[in-house]
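Notes for the structure review
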Amino acid sequence: MVQQDLRGELTSQERTKFDMRDHNFLQILSEAINISSQKAALKVTVFPVLLCYAANSGFQATIQELKEVGADVKGADYEGRTPLHIAAAKGHLSIVEYLIENGANVNAKDFKNRTPLWESAVHFRKEISKVLLARGAKIEGPYQETTHHIMK
């Protein structure tokens, strides 16, 4: 049911429930925020955040679905972190491999100059570090902070 609030804006009292693990997540999201015809806006504003959330949570199927509808796996969140940064930090090996296979930059730097390799190293993700190095990751990052972190 659509109602008008005090400011004169139209609002819906019906709550749309969705979960990123739902197969039709993107369709539900588009319907909930009424922007199905504005895919360009989704690509720039919503997709990077959703990809990072899915990478953090280990939702590979959601990442694949987002990629299929045009999401750029190189997109970054508000800290400049890509889904690859986050998957590397969280230890999601299959997501790291998927992202690399689909064009993620193994040497992407966030706003603090951290790379996915730096993230995997400081979180002691040895297998992910090996994959990143094999795919051309350079050993770069904020060295003082890395040394301090590892020495703790």
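Residues numbered from 1 in each chain as written. Predicted model: local features only at pLDDT ≥ 70, side-chain atom pairs only at ≥ 80, totals over all residues. Heavy atoms only, no water.

Some thoughts on the overall build of the protein chain
For the protein chain, the helix and strand inventory stands at eight helices and two strands. Mapped in sequence order, the helices and strands of the protein chain form the string β-β-α-α-α-α-α-α-α-α. Across the 152 residues of the protein chain, 39% fall into the buried class. In the protein chain, the share of contacts with a sequence separation of at least 24, taken over all contacts with a separation of at least 6, comes to 58%. (Helix = DSSP H or I, 4+ residues; strand = E, 2+ residues; numbered from the N terminus. Buried < 20%, exposed > 50% of the residue type's maximum accessible area, 1.4 Å probe, protein only. Contact = heavy atoms within 4.5 Å.)

Regarding unusual backbone geometry
Of all residues except glycine, most have a negative phi; of all peptide bonds, most are trans. In this structure, Asn 113 is a non-glycine residue whose phi angle is positive, near 70 degrees. The residue Asn 113 is located in the loop between α5 (93-101) and α6 (116-122) in this model. Note on Asn 113: relative accessible area 43%, which makes it partly exposed. For Phe 124, which is not a glycine, the phi torsion comes out positive at approximately 55 degrees.

A few points about the side chain of Ser 129
Take Ser 129: it is sitting in helix α7 (residues 126-134). Looking at Ser 129, the relative accessible area reads 12%, which means it is buried.

Considering helix α4 (residues 83-90)
Owing to its 3.6 residues per turn, the α-helix brings residues three or four apart onto one side. For α4, the tally of buried residues reaches seven of eight residues, placing the bulk of the element in the interior. Those residues of α4 not exposed but buried are Pro 83, Leu 84, His 85, Ile 86, Ala 87, Ala 88 and Ala 89. Gly 91 lies just past α4 and shows a positive phi near 85 degrees.

Some words on α5
Buried within α5 are the following residues: Ile 95, Val 96, Tyr 98, Leu 99 and Ile 100. After α5 finishes, the residue Gly 103 shows a positive phi value of roughly 100 degrees.

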